[in-house]
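The chain contents come next:
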Amino acid sequence: MKIVIINYGAGNIQSIRFAIERLGYDAILSNDVEEIKSADKVIFPGVGEASSAMKMLKATGLDTVIPTLTQPVLGICLGMQLMCKYSEEGDTTGLGVFDVDVKRFENIVKVPQIGWNQISGLGSKIFNNVKEGAYMYLVHSYYAPLTKETIATTEYGIQYSTALQKANFYGVQFHPEKSSTDGAQILENFLNL
Amino acid sequence: MLAKRIVPCLDIKNGRTVKGVNFVDLRDAGDPVELAKKYAATGADELVFLDISATEERRRTLVNLVRDVAAQVNIPFTVGGGISSVEDVDILLQNGADKVSINSSAVKRPQLVNELSQKFGSQCVVVAIDAKKIDGEWIVHLVGGKVPTELNLFDWAKEVEERGAGEILFTSMNNDGTKDGFANDALARLSEELNIPIIASGGAGNVQHFIDTFKDGKADAALAASVFHFQEIEIPDLKQELKKQGIPVRL
């Protein structure tokens with residue numbers, strides 16, 4: 001299986017590669033369009049600020065490639081947010097895979113949300129063998145509201161989407177690569193799609 | 001519900017854990033990776049590695065350690081000690097650290113907090129503050145509490161929040177090493193005045209201290225070293241007890 005982690009300069013991609021290696025697979029880090037297109041599974045990571053990450057994507061031309069991919073694609077954290085239509089962070093137009101606008105948490109809760117929170121309403125094969133209410137590691141100030149594409153929710157002041165799916169595109173707000181054995185299970189489920 | 005975090009802290013010197021590690025069931029308790037794996041497996045939510053080496057090879061040694069931990073441990077970790085530039089942080093994050101913690105370097109050059117949060121995002125910038133209560137006022141100290149500054153704890157914490165810190169790691173020098181409990185009054189005030197997570201540090205001696213710091217101190221996370229390293233408190237037992245007290249924890 002050819003697994004490509006999109007390497008466009010945003011964030012902690014070593015951790016994702018290591019998590020995949022712990023599952024017994026190898027992953028390639030690449031920003032090459034042909035390499036990405038020919039992968040069996042594509043992981044779209046991202047940590048940092050939305051508008052600068054989007055600029056880096058545009059600089060490599062990946063902003064037009066990612067939405068046309070046909071194999072399973074997993075956006076993680078900012079990767080998931082960039083797959084949405086729009087983000088309040090840096091007034092950023094996203095890739096528009098998911099039909100939802102990303103908003104900032106209101107200051108009724110501490111921002112960023114940092115730590116382990118529960119995922120519920122699990123509605124996808126990527127959650128096979130993961131229990132309702134499992135804890136995932138999250139670090140974020142912006143969130144995707146609930147939509148028809150929501151496949152997992154989390155409560156932090158409000159209920160929001162911690163995972164989205166549309167056709168072959170999956171997005172998770174949490175970090176499966178840092179979320180202990182349940183996180184590893186979700187990554188493995190994705191790789192087995 | 002967002003869980004309260006339990007955070008063991010490992011002091012690192014030249015790539016090895018120092019002082020106070022006494023794990024009977026580890027082949028090599030001086031190996032930070034072995035210890036980190038053990039803590040991850042027993043339910044630690046996060047780890048902090050504090051590098052206290054002062055050698056010329058320290059950066060290379062630390063980067064190798066970070067890489068080994070990231071390769072083998074499946075929970076997040078923070079690296080601190082001697083970090084003073086954007087380049088220092090870049091190499092640590094690139095090798096798999098999730099967050100970095102800065103302390104004296106932020107006091108010396110507060111703009112560093114802005115630079116790091118703009119480049120890498122607030123979520124990976126932890127500002128560690130050591131403070132001591134002197135004549136009723138909490139004064140920020142440097143060099144492990146030895147050198148007083150002009151800064152008031154609450155003013156400084158507010159300032160680094162505004163500069164983009166994502167979290168505060170507050171160590172009370174009055175409580176550190178006492179095993180007499182955390183500085184819950186100061187912690188609660190930090191939590192009320194700031195809108196970023198607060199990690200309590202200094203004073204953990206028993207399970208009740210953790211209950212108190214989450215309830216009275218309103219802490220988001222509690223950090224400790226020796227009570228875990230000497231197995232005076234086992235993390236699974238601690239978390240069971242916290243749960244019984246109605247404190248949300250990841251089990």
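Residues numbered from 1 in each chain as written. Chains lettered and ligands numbered in written order. Predicted model: local features only at pLDDT ≥ 70, side-chain atom pairs only at ≥ 80, totals over all residues. Heavy atoms only, no water.

A. Structural view of the layout of surface pockets. Residues and elements named next belong to chain B. Put simply, the largest pocket is a space of about 1,100 Å³. Together, 45 residues line the largest pocket, and C9, D11, L50, D130 and D176 are the ones closest to its centre. For the lining of the largest pocket, the secondary structure elements donating two or more residues are strand 1 (5-13), strand 3 (47-51), strand 5 (99-102), helix 4 (104-108), strand 6 (125-134), strand 9 (167-172), strand 11 (221-224) and helix 9 (226-229). Considered class by class, the residues forming the lining of the largest pocket number 18 nonpolar, 18 polar and 9 charged. (1 Å grid on protein atoms, 1.4 Å probe; cavity = no way out; pocket = protein on both sides within 12 Å on 5 of 7 lines; lining within 4 Å. Points joined across faces, edges and corners; volume = space filled by probe spheres on them. Helix = DSSP H or I, 4+ residues; strand = E, 2+ residues; numbered from the N terminus. Nonpolar A, V, L, I, M, F, W, Y, C, P; charged D, E, K, R; others polar.)

B. Examining the packing of helix 1 (residues 32-41) of chain B against helix 2 (residues 58-72) of chain B more closely. All names here are of chain B. Put simply, helix 1 and helix 2 touch, their axes get as near as 10 Å, and they point 30 degrees apart. Classified by the angle between their axes, helix 1 and helix 2 sit roughly parallel to one another. Like other packed secondary-structure pairs, helix 1 and helix 2 cross with a definite hand, here right-handed. For the pair formed by helix 1 and helix 2, the contact residues are P32, V33 and K37 on the first element and L65, D68, V69 and Q72 on the second. Across the contact of helix 1 with helix 2, the residue classes break down as 4 nonpolar, 1 polar and 2 charged. (Axes fitted to C-alpha atoms, helices over the stretch in contact; angles between N-to-C directions. Parallel < 35°, antiparallel > 145°, perpendicular 65-115°, else oblique. Left-handed = near helix turned anticlockwise from the far one by under 90°. Contact = heavy atoms within 4.5 Å.)

C. Expanded view of the sheet that holds strand 5 (residues 84-87) of chain A. All names here are of chain A. The strand order across the open sheet formed by 4 strands is 6-5-7-10, and the pairing between neighbours is mixed. Only two strands of the sheet have a single neighbouring strand rather than two, namely strand 6 (92-93) and strand 10 (142-143). When strand 7 (residues 98-104) meets strand 10, the two strands line up antiparallel, connected through 2 bridges. Its bridge partner being in strand 10, R104 is matched across the sheet by Y142. (Pairing = 2+ DSSP bridges.)

D. Layout of the packing of aromatic side chains. Residue and element names in this part refer to chain A. Counted under the stated rule, the structure contains 12 aromatic pairs over all chains. The interplanar angle of 40 degrees and the centroid separation of 5.5 Å between the aromatic rings of Y8 and F44 together place this pair among those described as tilted. With Y8 in the loop between strand 1 (3-6) and helix 1 (13-22) and F44 in strand 3 (residues 41-44), the pair connects residues that are 36 residues apart, well separated along the chain. Classification of Y8 as buried rests on a relative accessible area of 6%. Ring geometry for F105 against Y160: centres 5.5 Å apart, planes inclined by 80 degrees, an arrangement best described as edge-to-face. You can see F105 sitting in the loop between strand 7 and strand 8 (113-119) and its partner Y160 sitting in strand 12 (residues 158-166), a full 55 residues away along the chain. (Phe/Tyr/Trp six-rings, centres within 6.5 Å; stacked < 30°, edge-to-face > 60°. Buried < 20%, exposed > 50% of the residue type's maximum accessible area, 1.4 Å probe, protein only.)

E. Local environment of the environment of V147 of chain B. As for its placement among the helices and strands, V147 of chain B is situated in strand 8 (residues 147-152). For V147 of chain B, a relative accessible area of 39% gives the class partly exposed.

F. Structural context of the interface of chain A and chain B. Facing 28 residues of chain A, the contacting portion of chain B comprises 36 residues. Of the roughly 2,600 Å² buried between chain A and chain B on both sides combined, carbon and sulfur atoms contribute 52%. Inspection of the chain A/chain B interface yields 2 salt bridges. With a closest N to O distance of 2.8 Å, K178 of chain A and D98 of chain B form a salt bridge. Seen at the junction of chain A and chain B, the total is 17 residue pairs in polar contact (both at pLDDT 80 or more). (Buried area = accessible area lost by both parts, 1.4 Å probe. Salt bridge = Lys/Arg side-chain N within 4 Å of Asp/Glu carboxyl O. Polar contact = N/O pair within 3.5 Å; in protein donor to acceptor, adjacent residues only side chain to side chain.)

G. Inspection of the pairing of strand 3 of chain A at higher detail. Residue and element names in this part refer to chain A. Burial along strand 3 is two-sided: the face carrying K41 and I43 and the face carrying V42 and F44 are both buried. Two strands pair when backbone bridges link them, and strand 1 and strand 3 are joined in this way by 3 bridges, in the parallel orientation. Counted as the bridge partner of I3 is K41 from strand 3. With 3 bridges connecting them, strand 3 and strand 4 (residues 73-76) associate as parallel partners. When the bridges of strand 4 are listed, F44 appears paired with G75.

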